[in-house]
Amino acid sequence: MSTKATVLGVLIDIVTMSEAEAKLEQFIAEKKPHLVATANAEMVMLAQEDQELAAILNQCALVVPDGAGVVWAARHQGYTMPERVAGYDLSQNLLAHAAKHGYRVFMLGSQTAIIEKAKKVAIERYPGLIITGIRDGFFTHQDEPAIIESIRAAKPDILLAALGVPKQEKWLARNLSKLNVPVCMGVGGTFDVMAGTVKRAPLWMQRISLEWLFRLLLQPQRVIRMMALPRFAVKVMLGKKC
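The rules behind these values
- For every chain, the first residue of the written sequence is number 1, and numbering continues from 1 onward in sequence order.
- The predicted origin of the model limits local features to residues at a pLDDT of at least 70 and limits the giving and counting of side-chain atom pairs to 80 or more, whereas totals for whole chains, interfaces and linings rest on all residues.
- Computation of side-chain values: all heavy atoms of the structure, hydrogens and water removed.
- In short, DSSP must find at least two bridges between two strands for them to pair.
- Helix numbers and strand numbers start at the N terminus; a helix is a DSSP run of H or I with at least 4 residues, a strand a run of E with at least 2.
- Axes, fitted as lines to C-alpha atoms, cover a helix only where it is in contact. Angles between the N-to-C directions of the axes lie from 0 to 180 degrees.
- Whether two residues are in contact is decided by their heavy atoms, any of which lying within 4.5 Å being enough.
- One less than the residue count of a helix, multiplied by 1.5 Å, gives the span that helix is expected to have.
- For each residue, the accessible area found with a 1.4 Å probe, counting protein chains only, is set against the maximum for its type, and the residue is called buried under 20%, exposed over 50%, and partly exposed in between.
- In this context, the arc is that of the directions from the helix axis out to the C-beta atoms.
- Classification remark: right-handed applies to a crossover when, strands pointing away from the viewer, the course from the first strand over the helix to the second runs clockwise.
- Definition of a polar contact: a pair of N or O atoms within 3.5 Å, with one able to donate and the other able to accept a hydrogen when the atoms are protein atoms, and with sequence-neighbouring residues admitted only if both atoms are side-chain atoms.
- Criterion for a salt bridge: a side-chain nitrogen of Lys or Arg within 4 Å of a carboxyl oxygen of Asp or Glu.
- We define the nonpolar core as a collection of buried residues of types Ala, Val, Leu, Ile, Met, Phe, Trp, Tyr and Cys that are connected through side-chain atoms lying within 4.5 Å of one another.
- As used throughout, the charge tally considers Lys and Arg to be positive and Asp and Glu to be negative, leaving His and the chain termini uncounted.

Student: Is there a simple way to explain the sheet that holds strand β4 (residues 62-65) in this structure?
Tutor: Within the open sheet, the six strands sit side by side as β4-β3-β8-β7-β5-β6. Their pairing is parallel. What marks the edges here is a single partner per strand, and that holds for β4 and β6 (130-135). Sheet twist, expressed as the average angle between the axes of neighbouring strands with direction ignored, equals 20 degrees. For strand β3 (residues 34-39) and strand β8 (residues 183-186), the ladder comprises three bridges, and the chain directions are parallel. Each bridged residue has a counterpart across the sheet, and for L35 the counterpart in β8 is C184. Helix α8 (residues 167-179) contacts β3, β5 (104-109), β7 (158-162) and β8 of the sheet and is inclined by roughly 170 degrees relative to β8.

Student: Before we go on, may I ask you to explain helix α1 (residues 17-30) in this structure?
Tutor: In an α-helix, one turn spans 3.6 residues, which is why side chains three or four residues apart end up on the same side. Here α1 contains 14 residues, and its C-alpha end-to-end distance of 20 Å stays within 8% of the 20 Å for a straight helix at 1.5 Å per residue. Along α1, the residues that are buried comprise M17, A20, E21, L24, E25, F27 and I28. Buried residues of α1 fall within an arc of 155 degrees about the axis and therefore sit on the same side. Looking at α1, the residues exposed on the side facing more than 90 degrees away from the buried face are S18 and A29. Buried positions along α1 lie against β3, β4, α5 (87-101), β7 and β8. Looking one or two residues past α1, K31 carries a phi angle of roughly 60 degrees, positive in sign.

Student: Which parts of the structure should I look at to understand the pairing of β6?
Tutor: Each regular strand displays side chains that alternate between the two surfaces of the sheet. Sheet topology places β5 next to β6; five bridges connect them, and they run parallel. Residue pairing for β6: F106 is matched across the bridge by G133. With helix α6 (residues 112-125) bridging β5 and the parallel β6, this β-α-β connection has right-handed handedness.

Student: What should I look at first to understand the environment of H34 in this one?
Tutor: Within the fold, H34 resides in strand β3. A relative accessible area of 9% means that H34 is categorised as buried. Residues H34 and S177 lie 143 residues apart in sequence; the distance between their C-alpha atoms is 9.1 Å. In contact with H34, not counting residues within four places along its chain, are F27, A61, L176, V181, P182, V183 and C184. Within the local environment of H34, its side chain forms a polar contact with the side chain of E30, the two groups lying 2.8 Å apart.

Student: In this structure, what is going on with the pattern of salt bridges? I would like to understand it.
Tutor: Once their charged atoms are close, side chains differing in charge can pair, the charge on each being opposite to the other. Tallying each qualifying case throughout the model produces seven salt bridges. Of the charged contacts in the structure, one is a salt bridge between K170 and D50, with a shortest N-O distance of 2.7 Å. Of this pair, K170 sits in helix α8 while D50 sits in the loop between α2 (41-49) and α3 (51-57), placing them 120 residues apart in sequence. Across the salt bridge formed by R135 and D136, the nearest N and O atoms sit 3.0 Å from each other. Within the structure, one salt-bridge network assembled from shared partners comprises D50, E52 and K170.

Student: Help me out: how do you make sense of the pairing of strand β1 (residues 4-7) in this one?
Tutor: Residues A5 and V7 point to one face of β1 and are all buried, whereas K4 and T6, pointing to the other face, are not buried. Relative to strand β2 (residues 10-13), β1 runs antiparallel, the two sharing four bridges. Paired with V7 across the bridge in β2 is V10. Following β1, the chain reverses through two residues before pairing antiparallel with β2; L8 in that reversal takes a positive phi of roughly 50 degrees.

Student: Sorry if this is basic, but what is going on with the side chain of N175 here?
Tutor: Examined against the element boundaries, N175 turns out to sit in helix α8. When its relative accessible area of 2% is taken as the criterion, N175 is described as buried. Excluding residues within four positions of it along the chain, N175 makes contact with E144 and I148.

Student: Got a minute to help me understand the nonpolar core in this structure?
Tutor: Generally speaking, nonpolar side chains in soluble globular proteins are found buried as a group. L108, I151, L159, W171, L179 and F232 are the most contacted members of the largest nonpolar core, which totals 43 residues. A total of five residues in this core trace back to one element, the largest contributor, which is α2. If we ignore the near neighbours within four places in the chain, the residues touching L179 are I148, I151, R152, L159, W171, L172 and C184. Of all hydrophobic cores here, the second largest spans 35 residues; its members include A98, A118, L160 and A195.

Student: Just to check I follow, could you spell out the side chain of E25 for this structure?
Tutor: Mapped onto the secondary structure, E25 falls in helix α1. One buried charged side chain, E25, makes no salt bridge at all; its nearest oppositely charged neighbour is K100, positioned 7.4 Å away. Of note is the side chain of E25, whose polar atom sits 2.5 Å from the side chain of Y103.

Listed below in structure tokens is the structure:
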């Protein structure tokens, strides 16, 4: 059985949540840098026009199916994609594992107040969690060497980067060897949800694949981005590849 599905030219790992967690544990044990991405329909559509992003995704150590659209597309093409592996849930499970096993975590991205609140919430939610450093996501190219050095000095096992797609994937890929962190994972709006500034869809909406509608109702300005979803569905049904 194939271990990866190809969705519009983007390779997506065929994994369950528990299998994804096991892979992350394996990466940490290997002590070598690995890039992890959480691919939804919007990211796959971005990769159609952004060849740099497409190349990065296809070289990632792990790309989980974060989004009902990606799961549907894989199944539509005949792959046995078992379930959605939501990036937010994977990040929380990873933090729980980190607290249990003593893995060190660095949090990068978002606004200062948000990342500070997210850190506080993480420590309360996962007793024993070691957060070796935080840094907001507002920095210039000139700031990067100092940021990379501070991350290296903190010696984390896990780096969660919330810089937005595709900036976070490109930044991590470009600096992966310098950072030398076993698990480097782009987490998008995860810190905003943890801090309580953005609400997640109720579980019943997640279960029937309507999380996109909840986001749109809360943030009508996302309507342009959401237009990628019907375009994604049409391209998959027509069998178009990038």
